[in-house]
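Below are the chains, spelled out letter by letter.
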Amino acid sequence: MNLLRPAQYTDWTKADLISRINVLEAKSSSSSSTPALPKYPYSSHPRQKIALKFCYSGWLYGGLAYQNERTPLPTVEQTLFDALVKTRLVDPEGGFEGCAWDRCGRTDRGVSAAGQVVSLWVRSAVTDRRVKKKKRPVASEPEPGPASDENESTSLAKDGLPGVDEFDFGPPPPADSSSSSEDESDLQQELPYVTLLNRVLPSSIRVIAWAPVSPSFSARFRCRYRHYKYFFSAKHLSIPLMREAASYLVGKHDFRNLCKVDAAKQIVSFKRRIHRADIVPVPEEIGAGGTIWVFNLIGSAFLYHQVRHIMAVLLLVGAGLEKPLIMKQLMHVCAPPTPHRHFNQDEDDGPSSEEDDTLREEDGFTPLRNKPEYQMADGLPLMLWDCAYPDADLSWRRDPRPPSTRVPIVYDEVPQSTESLPSSSHGCVVLSGDNIPELPNLLSSLIQRNQIETALNAHFLYAAHLSGLYKEPPTFQPVLEDEPKETVKVPDPQAQTMNVPVGGGSTFRASFYVPVMKKKRLNTVEEINGRWAKGKGARRIAKGKPDEGEELDGTGE
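Residues numbered from 1 in each chain as written. Predicted model: local features only at pLDDT ≥ 70, side-chain atom pairs only at ≥ 80, totals over all residues. Heavy atoms only, no water.

**What to know about the overall build of the chain**
Item 1. Each helix and strand counted, the chain has 11 helices and 16 strands in total.
Item 2. Buried residues in the chain amount to 44% of all 557 residues.
Item 3. For the chain, the proportion of contacts with a sequence separation of at least 24, taken over those separated by at least 6, is 78%. (Helix = DSSP H or I, 4+ residues; strand = E, 2+ residues; numbered from the N terminus. Buried < 20%, exposed > 50% of the residue type's maximum accessible area, 1.4 Å probe, protein only. Contact = heavy atoms within 4.5 Å.)

What follows is the structure in structure tokens.
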């Protein structure tokens, strides 16, 4: 009898099966007799509030935010919180509220981030901490949040708002050592948060840096602006036309026709200010080979799916299916007087009395109160690139690298084996300069693996072409007249369909295209909010449930 092949139980005799059961029960009883570790004394350890900067591959998760109900895929926050619990940095009994968890930007399912930020209270190794306040500059610095129209241009020029510059893809400039908010001795004694978390996190989530912050710091409300990037292939697209359409986004506009209305938030103001919108090629040294371009969008706040709706329109413009002025048309809104606020109202990022510069009668646009029903762009290429804060609030840092240090590692359960740990001892593991996994090395390995997968997929396509059985799908590039037709048809009778790009390498094929302004119109914002308030909203109030209190895309995509 071969006990290493349990899949053949149907061929076993009764005696063999009984013998196998006895073996399994003996293993079960021996493992259950292992004593559990005592509850960790969190209250006896000092705590400090920190900010964590981390990146993640959004396509592997069901969104960023923790969900009360079960999700088909794990969320990024739940995975990160589990890592904090496993390393005993937060008390699991307190949950997210117990550590004052606060995120900067909420990203939807499939959306990635390179500079996401959360703030929370964690366990500290420094008992006598003396945080030195960073001296503010002599010139008055505007408070974070919505900037007024009078001081915005000065603030942006003084702070050097990053958008499309040499640091978009490369590392940021080295921080001034004099700006550290802690003594060097405290740094050497502090827990290596980055190393601890990255040891237990999956490779799809990497903590980049951490920073001590004040007890009143909020990762969400102290953020001055958010920078999104959307990557796309420029094949068969007109970059000049896309750039022209993107240029109309800069400034303060009403984006109700370039977002998805979330009735549960009861948002009544859809004006947001965009600081920078541009399209540039991804440098070849990044690994894209010069074929990938990126759309940069920087603003203080964003609406639900705003970036993906904007990108959908840009792709249609690049394909020649829409004129660049369609972007101005969608922002030309004749909004009625602000209705009574039902629930949580998002903050507008400027005086409501300011006239939107898209509302000029000489442009000849028809005011658009009902959003046309068009498909938003795919979420896979979207990335939250950066969340920016005042310099006086935090100073990012990596873990110090002493020659050798003993870091206490406490597990939720007794490890089955310590063979995978270097030089382990009871409750501790030695981290030396040789065995600390460097973040750039780990990320570089992931890039190389993806490059190999890309080469494999390219050879699959090449093999299909060599067979002589397939030909490249049509790439019809229409040029619209000044007045858009009801539909745009394929001019070539032999090309039965055309490809309409939706981002992420995806297209939908159609024999004709209906221009955005000729598509079916959705209900107005007032109708959507009113229906929800009378229905589900009223039932929530009757049950005593509070409103959700957070705009999804006001802090993320």
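**Side note on the nonpolar core**
Inside soluble globular proteins, nonpolar side chains tend to come together where they are buried.
Item 1. Counting 90 residues, the largest nonpolar core has Leu120 and Phe295 as its most contacted members.
Item 2. For this core, the element with the most residues is helix H8 (residues 306–318), which contributes 9 residues.
Item 3. Once you skip the residues sitting within four places of it in the chain, Leu120 turns out to touch Gln48, Lys49, Ile50, Leu52, Leu84, Val90, Cys99, Ala100 and Trp101. (Core = buried A, V, L, I, M, F, W, Y, C linked by side-chain atoms within 4.5 Å.)

**Things to note about H8**
Item 1. Between its terminal C-alpha atoms H8 stretches 19 Å, which fits the 18 Å expected from 13 residues at 1.5 Å a residue.
Item 2. Within H8, 13 of the 13 residues are buried, which leaves it mostly tucked inside the rest of the structure.
Item 3. Just past H8, the residue Gly320 takes up positive phi, approximately 80 degrees. (Expected span 1.5 Å × (residues − 1).)

**Structural notes on the packing of aromatic side chains**
Item 1. For the structure on display, the rule yields 9 aromatic pairs.
Item 2. Lying over the aromatic face of Trp210, Arg397 brings its terminal NZ or CZ to 5.6 Å of the ring centre. (Phe/Tyr/Trp six-rings, centres within 6.5 Å; stacked < 30°, edge-to-face > 60°. Lys NZ or Arg CZ within 6 Å of the ring centre and 35° of its normal.)

**Thoughts on unusual backbone geometry**
Item 1. With a phi angle near 55 degrees, Ala100 is a residue other than glycine that sits in the positive phi range.
Item 2. As for its placement among the helices and strands, Ala100 is situated in the loop between helix H3 (95–98) and strand E2 (102–103).
Item 3. Judged by relative accessible area, which is 33%, Ala100 ranks as partly exposed.
Item 4. With phi around 60 degrees, His305 is a residue other than glycine that occupies positive phi space.

**A word on the packing of helix H7 (residues 239–247) against H8**
Item 1. Contact geometry for H7 and H8: axes closest at 8 Å, N-to-C directions at 145 degrees. Judged by the sense of rotation from one axis to the other, the crossing of H7 with H8 is right-handed. Note on element contacts: H8 touches H7 through Met311, Leu314, Leu315, Val317 and Gly318, opposite Leu241, Met242, Ala245 and Ala246.
Item 2. Of the residues contributing to the contact of H7 with H8, the split by class is 8 nonpolar, 1 polar and no charged. (Axes fitted to C-alpha atoms, helices over the stretch in contact; angles between N-to-C directions. Left-handed = near helix turned anticlockwise from the far one by under 90°. Nonpolar A, V, L, I, M, F, W, Y, C, P; charged D, E, K, R; others polar.)

**Concerning the pairing of strand E5 (residues 225–233)**
Item 1. By the criterion of burial, E5 is predominantly enclosed, with 7 of the 9 residues buried.
Item 2. With 6 bridges connecting them, E5 and strand E9 (residues 382–388) associate as antiparallel partners. Paired with His227 across the strands is Asp386, a residue of E9.
Item 3. Bridge count for E5 against strand E8 (residues 292–299) is 8 bridges, and the pairing is antiparallel. Bridged to Tyr228 within E8 is Leu297. (Pairing = 2+ DSSP bridges.)

**Thoughts on the pattern of salt bridges**
Item 1. As enumerated under the stated definition, the model contains 6 salt bridges in all.
Item 2. In this structure, the salt-bridge partner of Lys39 is Glu93, at a minimum N-O distance of 3.0 Å. Linking Lys39 in the loop between helix H1 (14–32) and strand E1 (47–56) with Glu93 in the loop between helix H2 (76–86) and H3, this pair joins segments that are 54 residues apart in sequence. Accessibility classification places Lys39 together with Glu93 in one group, the exposed group.
Item 3. Between Glu77 and Arg103 there is a salt bridge whose closest N-O contact spans 2.6 Å. Residue Glu77 is found in helix H2, and its partner Arg103 is found in strand E2; the two are separated by 26 residues along the sequence.
Item 4. By sharing partners, the salt bridges in this structure join Asp254, Arg256, Arg369 and Glu526 into a single network. (Salt bridge = Lys/Arg side-chain N within 4 Å of Asp/Glu carboxyl O.)

**Concerning the pairing of strand E7 (residues 271–281)**
Item 1. The element E7 is largely enclosed, with a buried count of 8 among its 11 residues.
Item 2. Note that strand E6 (residues 251–254) and E7 share 4 bridges and pair antiparallel. Of the residues in E7, the one forming a bridge with Lys252 is Arg273.
Item 3. Where E7 and E8 come together, 7 bridges link them in antiparallel fashion. Considered in E8, the bridge of Pro281 is made with Trp293.

**With respect to the environment of Cys259**
Item 1. Take Cys259: it is sitting in the loop between E6 and E7.
Item 2. C-alpha of Cys259 to C-alpha of Met376: the two residues are 117 residues apart in sequence and 8.7 Å apart in space.
Item 3. Contact partners of Cys259, with chain neighbours within four places excluded, come to Phe270, Leu303, Tyr304, His305, Gln306, His309 and Lys371.

**Re the environment of Asn499**
Item 1. Take Asn499: it is sitting in strand E14 (residues 498–503).
Item 2. Considered as a pair, Asn499 and Arg509 are 10 residues apart in the sequence and their alpha carbons are 4.7 Å apart.

**Structural notes on the confidence of the model for the chain**
Item 1. When pLDDT is averaged along the chain, the result is 75, and 65% of the positions lie at 70 or above.
Item 2. Under a pLDDT of 50 for its full length, residues 131–182 has, in the predicted model, 80 contacts with residues more than four places off or in other chains.
Item 3. The model gives residues 340–359 a pLDDT under 50, and that stretch makes 53 contacts with residues more than four places away or in other chains. (pLDDT = per-residue confidence, 0-100.)

**Points about a nonpolar patch on the surface**
Item 1. Taken together, the side chains of Trp59, Leu60 and Leu380 present a nonpolar region at the surface, about 300 Å² in accessible area.
Item 2. Its location among the elements puts Leu380 in the loop between helix H9 (326–330) and E9. (Patch = residues over 30% accessible without salt bridge, like charges linked within 9 Å, V, L, I, M, F, W, Y side chains within 5 Å. Areas by Shrake-Rupley, 256 points an atom, 1.4 Å probe, with all protein chains shown as cover.)

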